[in-house]
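Each chain, written out:
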Amino acid sequence: MDKKFEDLPCSAKLVLKVIEMKGRTTFKELKEETLLPDRTLREAIRILKERGAIRSKICLDDTRTRYYEISCLELTEFVDKLEKEDEREIMRGEEGRKI
């Protein structure tokens, strides 16, 4: 796995996960889903775009609006890996409570 995705800040990982789950997403939708402040969300989007993780497209209905979507297969595999790690951590936590 390329290191350019593994060292993402938590905010960028959250944005990435939301985009993966929703598909094509606007800034407004990301803000509602992540509950991140505007500045943090803009920074996460900037980082993800710089690393080639997401791309933005202009909405033809309203040119002030941009859509964000995942831009590479390698990243989709990384998000799947994160999801599996989260599931393992949840399972470990549940096992700890049973004891």
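Quick caveat, the model's predicted, so the values are computed rather than measured.

### A word on the overall build of the chain
Secondary structure summary: the chain contains five helices and three strands in total. Listing every helix and strand of the chain by position from the N terminus yields α-α-β-α-α-β-β-α. Counting over 99 residues, the chain shows a buried share of 28%. Considering only residue pairs separated by 6 or more positions, the chain has 50% of its internal contacts joining residues 24 or more positions apart. When the accessible area of the chain is evaluated, it comes to approximately 7000 Å², of which 50% is carbon and sulfur surface.

### Remarks on the packing of aromatic side chains
Taken as a whole, this structure holds zero aromatic pairs when the rule is applied. Sitting over the ring of Tyr-67, Arg-24 keeps its end group 4.0 Å from the ring centre.

### Some thoughts on the pattern of salt bridges
Taken as a whole and judged by the stated rule, the model has 10 salt bridges. Taking the shortest distance from any N to any O, the salt bridge between Arg-42 and Asp-38 comes out at 3.8 Å. In this pair, Arg-42 and Asp-38 both sit in helix 4 (residues 38-50), four residues apart, roughly one turn of the helix. A relative accessible area of 48% means that Arg-42 is categorised as partly exposed. Take Asp-38: its relative accessible area is 29%, and that puts it in the partly exposed class.

### What about the packing of helix 2 (residues 10-22) against helix 3 (residues 27-34)?
Packing of helix 2 against helix 3 leaves a shortest axis separation of 10 Å and a crossing angle of 115 degrees. On the basis of their axis angle, the class for helix 2 and helix 3 is roughly perpendicular. The handedness of the crossing between helix 2 and helix 3 comes out as right-handed. Here Leu-14, Val-15, Val-18, Ile-19 and Lys-22 of helix 2 come into contact with helix 3, specifically with Glu-29, Leu-30, Glu-33 and Thr-34. A breakdown of the residues in the contact of helix 2 with helix 3 according to their chemical character gives five nonpolar, one polar and three charged.

### Examining helix 2
Between its terminal C-alpha atoms helix 2 stretches 18 Å, which fits the 18 Å expected from 13 residues at 1.5 Å a residue. Along helix 2, the residues classified as buried are Ser-11, Ala-12, Val-15, Leu-16, Val-18 and Ile-19. Buried residues in helix 2, looked at end-on, bunch into an arc of 165 degrees, giving them a common side. Opposite its buried face, helix 2 presents the exposed residues Cys-10 and Met-21, each directed more than 90 degrees away. Backbone geometry just downstream of helix 2 places Gly-23 in the positive-phi region, at approximately 80 degrees.

Cut-off values and rules
- Residues numbered from 1 in each chain as written.
- Predicted model: local features only at pLDDT ≥ 70, side-chain atom pairs only at ≥ 80, totals over all residues.
- Heavy atoms only, no water.
- Helix = DSSP H or I, 4+ residues; strand = E, 2+ residues; numbered from the N terminus.
- Buried < 20%, exposed > 50% of the residue type's maximum accessible area, 1.4 Å probe, protein only.
- Contact = heavy atoms within 4.5 Å.
- Areas by Shrake-Rupley, 256 points an atom, 1.4 Å probe, with all protein chains shown as cover.
- Phe/Tyr/Trp six-rings, centres within 6.5 Å; stacked < 30°, edge-to-face > 60°.
- Lys NZ or Arg CZ within 6 Å of the ring centre and 35° of its normal.
- Salt bridge = Lys/Arg side-chain N within 4 Å of Asp/Glu carboxyl O.
- Axes fitted to C-alpha atoms, helices over the stretch in contact; angles between N-to-C directions.
- Parallel < 35°, antiparallel > 145°, perpendicular 65-115°, else oblique.
- Left-handed = near helix turned anticlockwise from the far one by under 90°.
- Nonpolar A, V, L, I, M, F, W, Y, C, P; charged D, E, K, R; others polar.
- Expected span 1.5 Å × (residues − 1).
- Arc of directions from axis to C-beta.

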